[in-house]
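# Inside the fold
Listed below are the residues making up each chain.
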Amino acid sequence: MAPDAATAAGSPPIAADLPPLRVGGRAASVREILTAGVEVASSADAGGNGSDTVPVEALVLTNLANGRWLTGFSGSAMVVVLTADDLLVITDGRYATQAPAELSAAGVDGRVVIANRGSEQQEAAAAAVAGLGRVALEAEHVSWSRYRRFAGEWFGGAELVPSTGVVERLRRRKSPEEVARVAAAAAVADGALAEVLPRLAEGPTEGEVAAELDHLMRRRGASGSAFDTIVAAGENSALPHARPGPRRIEPGDLVVIDFGAIVDGYRSDMTRTVCVGEPRAPGGRVYEVVRASQQAGVEAVADGVSCKQVDAVCREIIDEAGWGEAFLHSTGHGVGLDIHEAPSLSSRSDEVLAAGEVVTVEPGVYLAGTGGVRIEDTVVVTDEGCRRLTCSPKTLVVA
(Lines give C-alpha, C1' and ligand atoms only; values in the text may rest on other atoms or scores of the structure.)
Protein backbone atom coordinates (compact mmCIF):
# COMPACT_ATOMS: atom_id res chain seq x y z
CA MET A 1 0.00 0.00 0.00
CA ALA A 2 1.65 3.21 -1.12
CA PRO A 3 1.37 6.26 1.09
CA ASP A 4 -1.05 8.97 0.00
CA ALA A 5 -1.70 12.54 1.09
CA ALA A 6 -4.34 11.57 3.61
CA THR A 7 -2.29 8.95 5.40
CA ALA A 8 0.87 11.03 5.26
CA ALA A 9 -0.99 13.82 7.04
CA GLY A 10 -2.41 11.45 9.62
CA SER A 11 -5.72 9.66 9.13
CA PRO A 12 -8.60 9.37 11.59
CA PRO A 13 -8.94 6.16 13.61
CA ILE A 14 -9.82 3.43 11.12
CA ALA A 15 -11.66 1.41 13.79
CA ALA A 16 -14.65 3.66 13.14
CA ASP A 17 -14.93 2.20 9.62
CA LEU A 18 -14.97 -1.44 10.74
CA PRO A 19 -18.11 -3.60 11.02
CA PRO A 20 -19.55 -3.70 14.55
CA LEU A 21 -18.11 -6.44 16.73
CA ARG A 22 -21.05 -8.11 18.47
CA VAL A 23 -19.98 -10.57 21.11
CA GLY A 24 -23.19 -11.13 23.06
CA GLY A 25 -23.53 -14.76 22.01
CA ARG A 26 -20.10 -15.78 23.29
CA ALA A 27 -21.20 -16.22 26.90
CA ALA A 28 -23.61 -18.98 25.83
CA SER A 29 -20.77 -20.85 24.11
CA VAL A 30 -18.61 -20.67 27.24
CA ARG A 31 -21.51 -21.78 29.44
CA GLU A 32 -21.92 -24.90 27.30
CA ILE A 33 -18.29 -25.78 28.01
CA LEU A 34 -18.72 -25.22 31.74
CA THR A 35 -21.69 -27.58 31.80
CA ALA A 36 -20.02 -30.23 29.64
CA GLY A 37 -16.76 -29.99 31.58
CA VAL A 38 -13.64 -27.85 31.53
CA GLU A 39 -10.21 -29.28 30.90
CA VAL A 40 -8.28 -29.36 34.15
CA ALA A 41 -4.58 -28.51 34.15
CA SER A 42 -2.41 -31.25 35.58
CA SER A 43 -0.59 -30.22 38.74
CA ALA A 44 2.48 -31.95 37.30
CA ASP A 45 2.39 -29.89 34.12
CA ALA A 46 2.81 -26.14 34.44
CA GLY A 47 2.18 -25.87 30.70
CA GLY A 48 -1.46 -26.67 31.31
CA ASN A 49 -1.96 -29.92 29.41
CA GLY A 50 -5.33 -31.19 30.46
CA SER A 51 -5.46 -34.42 32.40
CA ASP A 52 -9.17 -34.51 33.25
CA THR A 53 -12.50 -32.89 32.44
CA VAL A 54 -14.98 -31.77 35.08
CA PRO A 55 -18.19 -29.72 34.98
CA VAL A 56 -18.12 -26.42 36.87
CA GLU A 57 -20.69 -23.85 37.93
CA ALA A 58 -18.66 -20.70 37.35
CA LEU A 59 -15.61 -19.44 35.48
CA VAL A 60 -13.42 -16.60 36.72
CA LEU A 61 -11.44 -14.78 34.03
CA THR A 62 -8.40 -12.73 34.96
CA ASN A 63 -6.68 -12.67 31.56
CA LEU A 64 -7.45 -9.32 29.94
CA ALA A 65 -7.64 -10.65 26.38
CA ASN A 66 -10.05 -13.41 27.39
CA GLY A 67 -12.15 -10.92 29.34
CA ARG A 68 -12.27 -8.56 26.37
CA TRP A 69 -13.23 -11.36 23.99
CA LEU A 70 -16.12 -12.39 26.23
CA THR A 71 -17.43 -8.96 27.22
CA GLY A 72 -16.20 -6.33 24.77
CA PHE A 73 -14.64 -4.36 27.65
CA SER A 74 -11.16 -3.12 26.75
CA GLY A 75 -9.95 -1.81 30.10
CA SER A 76 -6.64 -2.65 31.74
CA ALA A 77 -8.15 -4.00 34.97
CA MET A 78 -10.93 -6.55 35.24
CA VAL A 79 -12.11 -9.76 36.81
CA VAL A 80 -14.98 -11.47 34.99
CA VAL A 81 -17.22 -13.98 36.75
CA LEU A 82 -19.47 -16.08 34.51
CA THR A 83 -22.17 -18.34 35.94
CA ALA A 84 -25.21 -20.05 34.45
CA ASP A 85 -27.34 -16.92 34.80
CA ASP A 86 -24.95 -14.04 35.39
CA LEU A 87 -22.01 -12.28 33.75
CA LEU A 88 -20.22 -9.91 36.09
CA VAL A 89 -17.37 -7.53 35.24
CA ILE A 90 -15.51 -6.15 38.24
CA THR A 91 -13.30 -3.13 37.52
CA ASP A 92 -12.32 0.18 39.10
CA GLY A 93 -13.46 3.78 38.95
CA ARG A 94 -11.36 4.66 35.91
CA TYR A 95 -13.83 2.65 33.83
CA ALA A 96 -17.12 3.64 35.48
CA THR A 97 -18.42 5.08 32.20
CA GLN A 98 -16.41 3.07 29.69
CA ALA A 99 -17.16 -0.45 30.92
CA PRO A 100 -20.99 -0.32 30.80
CA ALA A 101 -20.85 1.51 27.45
CA GLU A 102 -18.57 -1.11 25.87
CA LEU A 103 -20.68 -4.02 27.14
CA SER A 104 -23.79 -2.38 25.73
CA ALA A 105 -22.14 -1.65 22.37
CA ALA A 106 -21.00 -5.26 22.13
CA GLY A 107 -24.50 -6.57 22.82
CA VAL A 108 -23.48 -8.25 26.07
CA ASP A 109 -26.08 -9.02 28.69
CA GLY A 110 -23.98 -8.45 31.78
CA ARG A 111 -23.46 -6.15 34.71
CA VAL A 112 -20.55 -4.03 35.88
CA VAL A 113 -19.47 -3.47 39.46
CA ILE A 114 -17.10 -0.58 40.14
CA ALA A 115 -14.90 -1.42 43.10
CA ASN A 116 -11.84 0.64 43.94
CA ARG A 117 -10.75 -1.30 47.01
CA GLY A 118 -9.71 -4.92 47.11
CA SER A 119 -12.28 -5.66 49.79
CA GLU A 120 -15.06 -4.33 47.54
CA GLN A 121 -13.87 -6.45 44.63
CA GLN A 122 -13.70 -9.49 46.89
CA GLU A 123 -17.22 -8.88 48.17
CA ALA A 124 -18.67 -8.56 44.65
CA ALA A 125 -16.94 -11.72 43.41
CA ALA A 126 -17.91 -13.76 46.47
CA ALA A 127 -21.55 -12.73 46.09
CA ALA A 128 -21.56 -13.78 42.43
CA VAL A 129 -20.59 -17.38 43.29
CA ALA A 130 -22.35 -17.68 46.65
CA GLY A 131 -23.80 -21.16 47.07
CA LEU A 132 -21.93 -22.62 44.08
CA GLY A 133 -19.78 -25.69 44.57
CA ARG A 134 -17.09 -25.70 41.86
CA VAL A 135 -15.47 -22.58 40.38
CA ALA A 136 -12.89 -22.66 37.57
CA LEU A 137 -9.87 -20.36 37.49
CA GLU A 138 -7.56 -19.81 34.52
CA ALA A 139 -4.54 -21.93 35.45
CA GLU A 140 -2.16 -20.19 33.03
CA HIS A 141 -3.08 -16.70 34.20
CA VAL A 142 -3.34 -16.86 38.00
CA SER A 143 -0.18 -16.42 40.05
CA TRP A 144 0.41 -18.43 43.19
CA SER A 145 -0.15 -15.38 45.40
CA ARG A 146 -3.40 -14.51 43.64
CA TYR A 147 -4.59 -18.08 43.93
CA ARG A 148 -4.00 -17.94 47.66
CA ARG A 149 -6.12 -14.79 47.89
CA PHE A 150 -8.86 -16.35 45.78
CA ALA A 151 -8.87 -19.56 47.84
CA GLY A 152 -8.68 -17.88 51.22
CA GLU A 153 -10.63 -14.66 50.75
CA TRP A 154 -12.55 -14.38 47.49
CA PHE A 155 -14.00 -17.85 46.93
CA GLY A 156 -13.26 -19.60 50.21
CA GLY A 157 -16.48 -21.62 50.21
CA ALA A 158 -16.02 -23.08 46.72
CA GLU A 159 -13.88 -25.83 45.23
CA LEU A 160 -11.42 -24.08 42.91
CA VAL A 161 -10.53 -25.89 39.68
CA PRO A 162 -7.43 -25.02 37.59
CA SER A 163 -8.96 -24.92 34.11
CA THR A 164 -7.00 -24.55 30.90
CA GLY A 165 -7.89 -23.17 27.48
CA VAL A 166 -11.63 -22.66 28.01
CA VAL A 167 -11.84 -19.31 26.24
CA GLU A 168 -8.66 -19.71 24.20
CA ARG A 169 -10.16 -22.63 22.25
CA LEU A 170 -13.14 -20.51 21.29
CA ARG A 171 -10.91 -17.59 20.33
CA ARG A 172 -9.06 -19.63 17.71
CA ARG A 173 -11.68 -19.30 14.97
CA LYS A 174 -12.25 -15.64 14.18
CA SER A 175 -15.52 -14.13 13.06
CA PRO A 176 -15.51 -12.08 9.83
CA GLU A 177 -15.58 -8.95 12.00
CA GLU A 178 -12.48 -10.09 13.86
CA VAL A 179 -10.68 -10.92 10.61
CA ALA A 180 -11.57 -7.43 9.35
CA ARG A 181 -9.74 -5.95 12.34
CA VAL A 182 -6.62 -8.05 11.80
CA ALA A 183 -6.74 -7.10 8.11
CA ALA A 184 -7.02 -3.42 9.01
CA ALA A 185 -4.02 -3.73 11.33
CA ALA A 186 -2.10 -5.45 8.53
CA ALA A 187 -2.98 -2.68 6.08
CA VAL A 188 -1.69 -0.09 8.54
CA ALA A 189 1.62 -1.94 8.77
CA ASP A 190 1.82 -2.35 4.99
CA GLY A 191 1.43 1.40 4.53
CA ALA A 192 4.00 2.26 7.18
CA LEU A 193 6.58 -0.07 5.64
CA ALA A 194 6.02 1.34 2.15
CA GLU A 195 6.78 4.80 3.48
CA VAL A 196 9.87 3.76 5.43
CA LEU A 197 11.69 1.52 2.94
CA PRO A 198 12.92 4.30 0.57
CA ARG A 199 14.64 5.95 3.53
CA LEU A 200 16.91 2.99 4.27
CA ALA A 201 19.37 4.24 1.64
CA GLU A 202 19.97 7.31 3.83
CA GLY A 203 21.77 5.13 6.39
CA PRO A 204 19.44 5.42 9.40
CA THR A 205 20.05 3.42 12.56
CA GLU A 206 17.99 0.35 13.42
CA GLY A 207 16.42 2.31 16.27
CA GLU A 208 15.45 5.21 14.02
CA VAL A 209 13.71 2.89 11.56
CA ALA A 210 11.83 1.10 14.36
CA ALA A 211 10.73 4.39 15.91
CA GLU A 212 9.50 5.71 12.57
CA LEU A 213 7.51 2.55 11.87
CA ASP A 214 5.85 2.81 15.28
CA HIS A 215 5.06 6.49 14.70
CA LEU A 216 3.67 5.94 11.21
CA MET A 217 1.41 3.10 12.34
CA ARG A 218 -0.15 5.37 14.94
CA ARG A 219 -0.60 8.15 12.38
CA ARG A 220 -2.36 5.69 10.10
CA GLY A 221 -4.90 4.76 12.76
CA ALA A 222 -3.32 2.08 14.93
CA SER A 223 -3.65 2.33 18.70
CA GLY A 224 -0.11 1.02 19.08
CA SER A 225 2.45 -1.53 17.97
CA ALA A 226 1.48 -5.19 18.18
CA PHE A 227 4.79 -6.00 19.92
CA ASP A 228 8.26 -4.49 20.24
CA THR A 229 9.29 -3.70 16.66
CA ILE A 230 12.38 -5.56 15.43
CA VAL A 231 14.80 -3.92 13.00
CA ALA A 232 18.07 -5.86 12.74
CA ALA A 233 20.81 -5.10 10.23
CA GLY A 234 23.91 -6.99 9.11
CA GLU A 235 25.21 -9.43 11.70
CA ASN A 236 22.33 -8.46 14.02
CA SER A 237 19.85 -9.97 11.57
CA ALA A 238 21.11 -13.40 12.66
CA LEU A 239 19.43 -12.80 16.05
CA PRO A 240 15.75 -13.79 15.65
CA HIS A 241 14.58 -11.32 18.33
CA ALA A 242 17.24 -8.65 18.08
CA ARG A 243 16.51 -5.28 19.68
CA PRO A 244 16.90 -2.20 17.46
CA GLY A 245 20.01 -0.27 18.41
CA PRO A 246 22.47 2.36 17.18
CA ARG A 247 23.89 0.28 14.31
CA ARG A 248 23.49 2.10 11.01
CA ILE A 249 22.11 0.34 7.95
CA GLU A 250 24.78 0.07 5.28
CA PRO A 251 24.73 -1.11 1.64
CA GLY A 252 24.93 -4.90 1.46
CA ASP A 253 23.32 -5.43 4.88
CA LEU A 254 20.48 -7.87 5.26
CA VAL A 255 17.84 -6.02 7.28
CA VAL A 256 15.12 -8.01 9.06
CA ILE A 257 12.03 -5.90 9.86
CA ASP A 258 9.43 -7.64 12.04
CA PHE A 259 6.51 -5.57 13.29
CA GLY A 260 2.74 -5.17 13.45
CA ALA A 261 -0.09 -2.83 14.40
CA ILE A 262 -3.07 -2.93 16.75
CA VAL A 263 -6.51 -1.90 15.50
CA ASP A 264 -9.46 -2.11 17.91
CA GLY A 265 -7.50 -4.60 20.01
CA TYR A 266 -6.55 -6.96 17.18
CA ARG A 267 -2.97 -7.39 15.99
CA SER A 268 -1.06 -8.01 12.81
CA ASP A 269 2.39 -9.57 12.37
CA MET A 270 4.68 -9.27 9.36
CA THR A 271 8.37 -9.71 8.60
CA ARG A 272 10.23 -8.58 5.52
CA THR A 273 13.96 -8.89 4.88
CA VAL A 274 15.47 -6.25 2.61
CA CYS A 275 18.86 -4.98 1.52
CA VAL A 276 20.11 -1.62 0.27
CA GLY A 277 21.74 -2.72 -2.98
CA GLU A 278 22.97 -6.25 -3.57
CA PRO A 279 23.51 -8.33 -0.41
CA ARG A 280 26.87 -9.73 0.56
CA ALA A 281 27.20 -13.48 -0.04
CA PRO A 282 25.54 -15.75 0.91
CA GLY A 283 22.66 -13.33 1.64
CA GLY A 284 21.05 -13.56 -1.79
CA ARG A 285 20.99 -17.35 -1.76
CA VAL A 286 19.65 -17.49 1.79
CA TYR A 287 16.89 -15.11 0.80
CA GLU A 288 15.88 -17.25 -2.18
CA VAL A 289 15.66 -20.36 -0.01
CA VAL A 290 13.63 -18.69 2.74
CA ARG A 291 11.38 -17.06 0.16
CA ALA A 292 10.66 -20.45 -1.42
CA SER A 293 10.10 -22.02 1.99
CA GLN A 294 7.68 -19.30 3.07
CA GLN A 295 5.73 -19.46 -0.18
CA ALA A 296 5.40 -23.24 0.13
CA GLY A 297 4.21 -22.85 3.70
CA VAL A 298 1.53 -20.33 2.74
CA GLU A 299 0.35 -22.62 -0.06
CA ALA A 300 0.13 -25.53 2.40
CA VAL A 301 -2.20 -23.72 4.81
CA ALA A 302 -5.83 -24.86 4.51
CA ASP A 303 -8.74 -26.11 6.54
CA GLY A 304 -8.04 -29.62 7.83
CA VAL A 305 -4.26 -29.47 7.33
CA SER A 306 -2.16 -30.33 10.36
CA CYS A 307 0.04 -27.59 11.82
CA LYS A 308 2.90 -30.08 11.85
CA GLN A 309 2.54 -30.55 8.10
CA VAL A 310 2.89 -26.82 7.36
CA ASP A 311 6.01 -26.71 9.52
CA ALA A 312 7.44 -29.74 7.70
CA VAL A 313 6.83 -28.21 4.27
CA CYS A 314 8.81 -25.10 5.21
CA ARG A 315 11.53 -27.01 7.00
CA GLU A 316 12.13 -29.48 4.16
CA ILE A 317 13.13 -26.74 1.71
CA ILE A 318 15.55 -25.19 4.17
CA ASP A 319 16.94 -28.62 5.10
CA GLU A 320 17.63 -29.43 1.45
CA ALA A 321 19.61 -26.20 1.11
CA GLY A 322 21.82 -27.27 4.00
CA TRP A 323 20.62 -24.72 6.54
CA GLY A 324 18.19 -26.83 8.56
CA GLU A 325 20.06 -26.27 11.82
CA ALA A 326 19.88 -22.50 11.23
CA PHE A 327 16.05 -22.54 11.24
CA LEU A 328 15.83 -21.81 14.95
CA HIS A 329 12.10 -21.53 15.70
CA SER A 330 8.72 -22.90 14.75
CA THR A 331 7.02 -21.91 11.51
CA GLY A 332 4.17 -19.85 12.92
CA HIS A 333 1.48 -19.11 15.47
CA GLY A 334 -2.04 -17.81 15.83
CA VAL A 335 -2.71 -14.05 15.94
CA GLY A 336 -5.65 -12.07 17.31
CA LEU A 337 -6.16 -10.15 20.52
CA ASP A 338 -2.73 -11.54 21.50
CA ILE A 339 0.29 -11.61 19.23
CA HIS A 340 0.88 -15.27 20.08
CA GLU A 341 -2.24 -17.43 20.23
CA ALA A 342 -3.17 -20.99 19.40
CA PRO A 343 -2.58 -22.82 17.16
CA SER A 344 1.17 -23.38 16.97
CA LEU A 345 2.64 -24.30 13.59
CA SER A 346 5.49 -26.44 14.83
CA SER A 347 6.95 -29.93 14.58
CA ARG A 348 5.61 -30.67 18.07
CA SER A 349 2.04 -29.58 17.43
CA ASP A 350 -0.84 -32.04 17.27
CA GLU A 351 -3.30 -29.33 16.21
CA VAL A 352 -5.19 -29.11 12.91
CA LEU A 353 -5.97 -25.87 11.12
CA ALA A 354 -9.59 -24.80 10.73
CA ALA A 355 -11.26 -22.20 8.51
CA GLY A 356 -11.42 -18.85 10.28
CA GLU A 357 -8.17 -19.22 12.17
CA VAL A 358 -5.57 -16.49 11.65
CA VAL A 359 -1.96 -17.67 11.69
CA THR A 360 1.51 -16.60 10.65
CA VAL A 361 3.91 -18.40 8.32
CA GLU A 362 7.46 -17.24 9.10
CA PRO A 363 10.41 -19.52 8.34
CA GLY A 364 13.89 -18.11 8.80
CA VAL A 365 17.58 -18.89 8.49
CA TYR A 366 20.10 -17.32 10.88
CA LEU A 367 23.85 -17.53 10.26
CA ALA A 368 25.72 -16.31 13.33
CA GLY A 369 28.18 -13.53 12.59
CA THR A 370 26.93 -13.16 9.03
CA GLY A 371 23.22 -12.36 8.94
CA GLY A 372 19.76 -13.83 8.72
CA VAL A 373 16.56 -13.84 6.71
CA ARG A 374 12.97 -14.17 7.89
CA ILE A 375 9.84 -13.66 5.80
CA GLU A 376 6.42 -13.68 7.42
CA ASP A 377 2.80 -13.23 6.46
CA THR A 378 -0.35 -13.25 8.54
CA VAL A 379 -3.03 -15.30 6.76
CA VAL A 380 -6.61 -16.36 7.43
CA VAL A 381 -7.38 -20.05 6.87
CA THR A 382 -10.15 -20.77 4.34
CA ASP A 383 -11.85 -23.94 3.07
CA GLU A 384 -9.71 -23.90 -0.06
CA GLY A 385 -6.44 -22.62 1.38
CA CYS A 386 -5.74 -19.24 2.92
CA ARG A 387 -5.91 -15.52 2.22
CA ARG A 388 -2.97 -13.25 2.93
CA LEU A 389 -3.72 -10.29 5.15
CA THR A 390 -0.20 -8.81 5.01
CA CYS A 391 0.35 -7.64 1.44
CA SER A 392 3.72 -5.85 1.33
CA PRO A 393 5.89 -6.96 -1.61
CA LYS A 394 8.63 -9.52 -0.95
CA THR A 395 11.46 -7.78 -2.74
CA LEU A 396 14.95 -8.14 -1.34
CA VAL A 397 16.75 -5.19 -2.92
CA VAL A 398 15.51 -1.68 -2.20
CA ALA A 399 16.86 1.42 -3.91
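By convention here, each chain's residues receive numbers from 1 onward along its written sequence. Only residues with pLDDT of 70 or above have their local features reported here, since the model is predicted, and side-chain atom pairs are shown and tallied only from 80 upward, although totals for entire chains, interfaces and linings are computed over all residues. In computing side-chain properties, one takes all heavy atoms of the structure into account and sets aside hydrogens as well as water.

Along its length, the chain carries eleven helices and 22 strands. Here the radius of gyration uses the C-alpha set of atoms, whereas the globule reference equals 2.2 Å times the residue count to the power 0.38. By the compact-globule yardstick of 21 Å for 399 residues, the chain fits well, its C-alpha radius of gyration being 23 Å. Expressed along its principal axes, the backbone C-alpha trace of the chain runs to roughly 70 × 45 × 40 Å. Here the term buried applies to any residue with accessible area under 20% of the maximum for its type, exposed to any over 50%, and partly exposed to those in between, with areas from a 1.4 Å probe on protein chains only. The 399 residues of the chain split such that 53% are buried. By definition in these notes, contact holds between two residues if any of their heavy atoms fall within 4.5 Å. Within the chain, contacts between residues at least 6 apart in sequence are counted, and of these 68% link residues at least 24 apart. Where accessible areas are quoted, they stem from the Shrake-Rupley method and a 1.4 Å probe; at the residue level, only the protein chains shown are allowed to cover. Only carbon and sulfur atoms are counted for the fraction: they give 51% of the accessible area of the chain, which is about 16,700 Å². Charged side chains of the chain number 36 positive and 54 negative; the gap between the two group centres comes to 3 Å. Think of it this way: any DSSP run of H or I at least four residues long counts as a helix, any run of E at least two long counts as a strand, and we number them from the N terminus. Only four residue types enter the tally: Lys and Arg on the positive side, Asp and Glu on the negative side; His and the chain ends are excluded. In plain terms, the charge of a residue is placed at NZ if it is Lys, CZ if Arg, CG if Asp and CD if Glu.

For the rest of this paragraph, the subject is the packing of helix α8 (residues 176-196) against helix α9 (residues 206-219). Each pair of packed helices can be described by the angle between their axes along with the distance between the axes. Axes here mean lines fitted to C-alpha atoms, for a helix over just the part in contact, with angles spanning 0 to 180 degrees between N-to-C directions. Between α8 and α9, the least distance of the axes is 9 Å, while the angle of their chain directions is 135 degrees. Relative to α9, α8 is oriented oblique. Our pair here, α8 against α9, has a crossing hand that is right-handed. Seen from α8, the contacting residues are Val-188, Ala-189, Ala-192, Leu-193, Glu-195 and Val-196; seen from α9, they are Val-209, Glu-212, Leu-213, Leu-216 and Met-217. The residue makeup of the contact of α8 with α9, split by class, is nine nonpolar, no polar and two charged. Here the angle decides the label: under 35 degrees means roughly parallel, over 145 means roughly antiparallel, 65 to 115 means roughly perpendicular, and every other value means oblique. In this scheme the crossing of two helices becomes right-handed for a clockwise turn of the near helix relative to the far one and left-handed for an anticlockwise turn of less than a right angle. Residues were grouped as follows: Ala, Val, Leu, Ile, Met, Phe, Trp, Tyr, Cys and Pro as nonpolar; Asp, Glu, Lys and Arg as charged; and all remaining residues, including Gly, as polar.

With that settled, consider the sheet that holds strand β13 (residues 266-267). Pairing between strands is defined by DSSP: at least two bridges between them are needed. In space, the three strands of this open sheet follow the order β9-β12-β13, with antiparallel pairing throughout. Across the chains shown, the open sheet's two edge strands, defined by having one partner strand only, are β9 (224-225) and β13.

Turning our attention to helix α10 (residues 283-300). Spanning 18 residues, α10 covers 26 Å between terminal C-alpha atoms, matching the ideal 26 Å at 1.5 Å per step. Taken together, the buried positions of α10 are Gly-283, Val-286, Tyr-287, Val-289, Val-290, Ser-293, Gln-294, Ala-296, Gly-297, Val-298 and Ala-300. For a helix, the expected span equals 1.5 Å multiplied by the residue count minus one.

What follows covers the nonpolar core. For this analysis, a nonpolar core means a set of buried residues of the types Ala, Val, Leu, Ile, Met, Phe, Trp, Tyr and Cys, connected via side-chain atoms within 4.5 Å. Residues Val-30, Leu-34, Val-38, Leu-59, Leu-70 and Leu-87 are the most contacted members of the largest nonpolar core, which totals 43 residues. If one sorts the elements of this core by residue count, helix α2 (residues 26-36) sits on top with four residues. In this view, Leu-87 contacts Ala-27, Arg-31, Leu-70, Thr-71, Val-80, Val-81, Leu-82, Val-108, Asp-109, Gly-110 and Arg-111; residues no more than four positions away in its chain are not counted. In terms of nonpolar packing, the next biggest core, distinct from the first, is built from 29 residues, Cys-275, Val-286, Val-290 and Ala-300 among them.

All right, on to the side chain of Thr-331 then. Residue placement: Thr-331 occurs in the loop between α11 (307-320) and β15 (332-334). With relative accessibility at 0%, the residue Thr-331 sits in the buried group. Dropping the residues within four chain positions of it, Thr-331 is found in contact with Val-310, Asp-311, Cys-314, Arg-315, Leu-345, Thr-360, Val-361, Glu-362 and Pro-363.

Our next topic: unusual backbone geometry. Going from Ala-281 to Pro-282, the amide bond is cis rather than trans, its omega being 5 degrees. Relative to the helices and strands, Pro-282 resides in the loop between β14 (270-276) and α10. A cis amide bond links Ala-342 with the next residue in sequence, Pro-343, at an omega value of 5 degrees. Its place among the elements puts Pro-343 in strand β16 (residues 341-345). Positioned with a positive phi, Asp-264 is a non-glycine residue whose angle comes to about 50 degrees. Its place among the elements puts Asp-264 in the loop between β12 (261-263) and β13.

Before going further, it helps to examine the packing of aromatic side chains. Aromatic rings from Phe, Tyr and Trp, taking only the six-membered ring of Trp, are treated as a pair when their centres fall within 6.5 Å; an angle between ring planes under 30 degrees marks them as stacked, one over 60 as edge-to-face, and anything in between as tilted. Inspection of every chain in the model, using the stated rule, returns five aromatic pairs. Where Trp-144 meets Tyr-147, the ring centres are 5.6 Å apart and the plane angle is 25 degrees; that geometry is what we call stacked. One end of the pair is Trp-144 and the other is Tyr-147, both in helix α6 (residues 144-154) and three residues apart, which spans about a single turn. With a centroid separation of 5.4 Å and 55 degrees between ring planes, the pair formed by Phe-150 and Phe-155 is classed as tilted. Since its relative accessible area comes to 2%, Phe-155 is described here as buried. A network of ring pairs unites the aromatic residues Phe-150, Trp-154 and Phe-155 as a single cluster. Should the NZ of a Lys or the CZ of an Arg lie within 6 Å of a ring centre and within 35 degrees of the ring normal, that charge is described as sitting over the ring. Between Arg-315 and the ring centre of Phe-327, over which it is positioned, the NZ or CZ distance is 3.9 Å.

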